[in-house]
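Structural description and commentary
These are the residues of each chain, in order.
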Amino acid sequence: MSFLLPKLTSKKEVDQAIKSTAEKVLVLRFGRDEDPVCLQLDDILSKTSSDLSKMAAIYLVDVDHTPVYTQYFDISYIPSTVFFFNGQHMKVDYGSPDHTKFVGSFKTKQDFIDLIEVIYRGAMRGKLIVQSPIDPKNIPKYDLLYQDI
C-alpha cells in the first residue's frame, strides 16, 4: 500500500514538508518500501489517510535517501514514525525512554487514529509533548542501544 502515500526522497523535500505543513500533524514514516513491517504500517497509514486528511498529512521517507534525518532522529529500527505540528517536533510519551518517535507498526488503525487526535489536540493547545492514548500492550518494546559511550 506504500504506493498510495506520497514519498519524500531528499532532505530538501523533507525540509519543505516540515516548513509548509500548517495546522495539521505531519506524519513522517521512516523506513524502506520492501520491508515487511514497513508495508504493514503503510497499509494502516494509507487506510486512515483520508479519514485524517483534515488533521494530518502523511508522508513516507526512505531511510537510505535521507541519511541526515535518519541520523538526527537516531533511527536504528524501521519503521520509525516521527510527528511534527507547524514545523515543531511533537514528542509523545509512550511509557518508554524515547519520546521522539514511534518505533514499529501500530497494532490497529484505531491506535493510529487515536494518537493523531491526541497529538493534534495537544498541539492546538500549545503542548510539545503529549501522553500516548495507545494501550501499553499495543506498543512494541525495543531496547535502546547506546554505542561509543
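Before reading further, recall that the structure is shown in the block above.
One structure accompanies this document, and this report is about it. For every chain, the first residue of its written sequence is number 1, and the numbers climb from 1 along that sequence. Local features in this predicted model are restricted to residues whose pLDDT is 70 or higher, and side-chain atom pairs enter the listing and the counts only when it is 80 or higher, whereas totals over whole chains, interfaces and linings include all residues. Values reported for side chains reflect all heavy atoms of the structure, with hydrogen atoms and water molecules removed beforehand.

Things to note about the side chain of T21
Tracing the sequence through the fold places T21 in the loop between α1 (11-20) and β2 (25-31). A distance of 2.7 Å separates the side chain of T21 from the backbone oxygen of A17, its partner in a polar contact. By definition, residues are in contact when any of their heavy atoms lie within 4.5 Å. With residues up to four places along the chain from it excluded, the contact list for T21 reads L26, A57, N86 and G87. Put simply, DSSP marks the helices as runs of H or I at least four residues long and the strands as runs of E at least two long, and each gets a number from the N terminus on. Pairs of N or O atoms within 3.5 Å make up the polar contacts considered here, provided that, within protein, one atom can donate a hydrogen while the other can accept it, and that residues adjacent in sequence are counted only when both atoms are side-chain atoms.

A look at the packing of aromatic side chains
Between 30 and 60 degrees the pair is tilted, below 30 it is stacked and above 60 it is edge-to-face, where a pair is any two Phe, Tyr or Trp rings, Trp via its six-membered ring, whose centres lie within 6.5 Å. Applying the stated rule across the entire model yields eight aromatic pairs. Relative to F73, the ring of Y69 has its centre 6.0 Å away and its plane inclined at 15°; by these criteria the two rings are stacked. Each member of the pair Y69 and F73 is classed as buried. On the basis of an interplanar angle of 10° and a centroid distance of 4.1 Å, the ring pair of F102 and F106 is categorised as stacked. This pair shows no difference in class: F102 is buried, exactly as F106 is. Three exposure classes are used, based on accessible area relative to the maximum for each residue type with a 1.4 Å probe and protein chains only: buried under 20%, partly exposed in between, and exposed over 50%.

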